[in-house]
Amino acid sequence: PGPEPDAQIPLDNIKAKVVSVSIDGLLRTKNDIVMESVKDLFKVEHFEDLILTAQDCRGKLQELGCFSNVGINIDTSTTGTKDYTVTFQVQELKKVTGSVNTMVGNNEGSLMTGVKFPNLLGRGERLQADYTYGTKKSSSFNISILKPLRGKMKTNLTGNVYQSTGEYPTSGFKELDRGFLADLSFISSPSVLHNLQYEAVWRNISSVSRAAAFAVREHSGHTLKSSLKHILCVDRRDNTIFPNEGTLFKLSQEFAGLGGNIGFFKNELELQANIPLAEDISLQGSFSGGILKDLQGDKTFNISDHFFLGGPLNVRGFDSRGIGPSSDGNALGGTLYWASGLHLYAPLPFRPGRGGLGDLFRSHVFVTAGNVGNFWLSGAMGRDLEQVTQDFRLS
């Protein structure tokens, strides 16, 4: 009698050995990084291992930044009953791609154009140039080159040369930056990302008009900042835009003063927790804070290094930079800030466009609070807490 129709065959009992691995569709990509990604296939001993390892290798190939599509074909081999061959069908990325996008954020709309040269030298390198122009007279131009450094930590080295201009009417000044940024990113454990950065930037601050406050105009002129920065990000959210559950921890530490005439220590912290209440309904709690301290000596910081608060990205209902110290109507920012929020996200009433465009919009109920200023911390917890929460803003 034959096997029953519903009988299951345990795949981990079927012996399997991979005798050859082929990659079809290679043009520019170098053989060494491809073979490094699929070498684990030669270690499998069972058919179940073969299936799982093949899928894992497919994921590694997709992460190389060389291919737009990767397919798998597993077949028996004529060399033996336990022998198998694995073939990956790959489609390489185009040599040049361009893009035109629009972005809306922080009460400003922007048009972004870019050109990208993926897999430039055959090992996942990428050369990219972007230009962005905003509706509030902001613009930026950036050229970056990325070099993946292979390994378990998924290390990438990126160099950026950029120029950016920004106009801040509520603070009464505009700023022109030209600089270089080197970034080394790696993963120390699942969901734990590190960024080590060095930045050298020449900055020019000038007044928007003659009516700008003297407290703003005294920061006008040229400065040179040379800084080291470390960013630690632990992101365990299920979605970065509309998370339903999970937490975010982000700590940024910057030291400026390696050269130039700017010197400071800056620390920023961001926390977020999301709790699902029902289907597509979640409660989010958030907190962020930062402190800026100058160095002893001639080097100091200026208004562009300050923290600012107010607007849709932190304390809603207030003008952009509308919270904190000001002079003659110009926002000056501060050296310490905190902001917190409690948010309830739910689908739109009657769910218009469900399963499509409608899923990109949410009903939002919130309570936000925060404060920013030049607070002097004494080290006494009770006194410091009273000081930073005095005259805080709530919406």
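Quick caveat, the model's predicted, so the values are computed rather than measured.

J.: So what's going on with the overall build of the chain? Residues and values would help.
T.: Within the chain one finds 4 helices and 19 strands. Taken over C-alpha atoms, the radius of gyration comes to 27 Å for the chain, far larger than the 21 Å a tight globule of 395 residues would show. Here the C-alpha coordinates of the chain stretch approximately 90 × 50 × 45 Å along the principal axes. Across the 395 residues of the chain, 37% fall into the buried class. Of the roughly 22600 Å² of accessible surface on the chain, 56% is carried by carbon and sulfur atoms.

J.: Go over a nonpolar patch on the surface with me, naming the residues and quoting the values.
T.: On the surface, Tyr131, Tyr133, Phe141, Ile143, Val161, Phe180, Tyr198, Leu228 and Leu258 cluster together into a nonpolar patch covering about 820 Å² of accessible area. Those elements giving two or more residues to the nonpolar patch turn out to be strand 6 (126-134) and strand 7 (139-149). Along the chain, leucine 258 falls in strand 12 (residues 246-260).

J.: Can you explain the side chain of asparagine 274? Please cite residues and give values.
T.: Among the structural elements, asparagine 274 can be located in strand 13 (residues 264-278). Within the structure, the side chain of asparagine 274 is placed 2.9 Å from the side chain of glutamine 284, a separation counted as a polar contact. Beyond its immediate stretch of four places on either side in the chain, asparagine 274 contacts Arg237, Pro243, Asn244, Glu245, Gly246, Leu283 and Gln284.

J.: How would you summarise the pairing of strand 14 (residues 281-294) if you had to cite specific residues and measurements?
T.: Across 14 bridges, the pairing between strand 13 and strand 14 is antiparallel. Bridge pairing in strand 14 links lysine 266 to leucine 292. Remark: 2 residues form the turn of the hairpin made by strand 13 and strand 14, two consecutive strands paired antiparallel; aspartate 280 in that turn has positive phi of roughly 65°.

J.: Describe in detail the environment of arginine 217, supporting the description with residues and values.
T.: By secondary structure assignment, the location of arginine 217 is in helix 3 (residues 214-217). On the accessibility criterion, arginine 217 (37% relative accessible area) is partly exposed. Put simply, arginine 217 and valine 161 are 56 residues apart on the chain and 28 Å apart in space, counted from C-alpha to C-alpha. Not counting residues within four places of it along the chain, the set of residues in contact with arginine 217 comprises Ser207, Arg210 and Ala212.

J.: Outline the layout of surface pockets, listing residues and values.
T.: Taken as a whole, the second largest pocket spans an internal volume of roughly 690 Å³. For the lining of the second largest pocket, the secondary-structure elements that each account for two or more residues are helix 1 (31-38), strand 5 (108-118), strand 7, strand 8 (155-168) and strand 9 (173-189). The class makeup of the residues in the lining of the second largest pocket is 10 nonpolar, 8 polar and 11 charged.

What counts and how
Residues take numbers from 1 onward in each chain, read along the sequence in its written order. Where totals are concerned, whole chains, interfaces and linings use all residues; where local detail is concerned, this predicted model gives features only for residues with pLDDT of at least 70, and gives and counts side-chain atom pairs only at 80 or more. In computing side-chain properties, one takes all heavy atoms of the structure into account and sets aside hydrogens as well as water. Note on conventions: DSSP H or I runs of at least 4 residues are helices, E runs of at least 2 residues are strands, and numbering of each starts at the N terminus. Every radius of gyration here is taken over C-alpha atoms, with the globule rule written as 2.2 Å times N^0.38, N being the number of residues. Note on classification: 1.4 Å probe, protein chains only; a residue is buried when its accessible area is under 20% of the maximum for its type, exposed when over 50%, partly exposed between these limits. Using a 1.4 Å probe, accessible areas were evaluated by the Shrake-Rupley method; residue-level cover was limited to the displayed protein chains. Residues enter a patch when their relative accessible area is above 30% and they make no salt bridge; the linking distance is 9 Å between like charges and 5 Å between nonpolar side chains (Val, Leu, Ile, Met, Phe, Trp, Tyr). Criterion for a salt bridge: a side-chain nitrogen of Lys or Arg within 4 Å of a carboxyl oxygen of Asp or Glu. Nitrogen and oxygen atoms within 3.5 Å of one another constitute a polar contact, given that in protein one can donate a hydrogen and the other can accept it, and given that sequence-neighbouring residues count only through two side-chain atoms. By the convention used here, residues are in contact when the closest approach between their heavy atoms is within 4.5 Å. At least two DSSP bridges between two strands are required for those strands to pair. Here a cavity means grid points, on a 1 Å grid over the protein atoms only, where a 1.4 Å probe fits yet cannot get out; a pocket means an open set of points with protein on both sides within 12 Å along at least five of seven lines; lining residues are those with an atom within 4 Å of a point. Grid points are joined across faces, edges and corners, and a volume is the space filled by probe spheres set on the points. Amino acids are sorted into nonpolar (Ala, Val, Leu, Ile, Met, Phe, Trp, Tyr, Cys and Pro), charged (Asp, Glu, Lys and Arg) and polar (every other residue, Gly among them).

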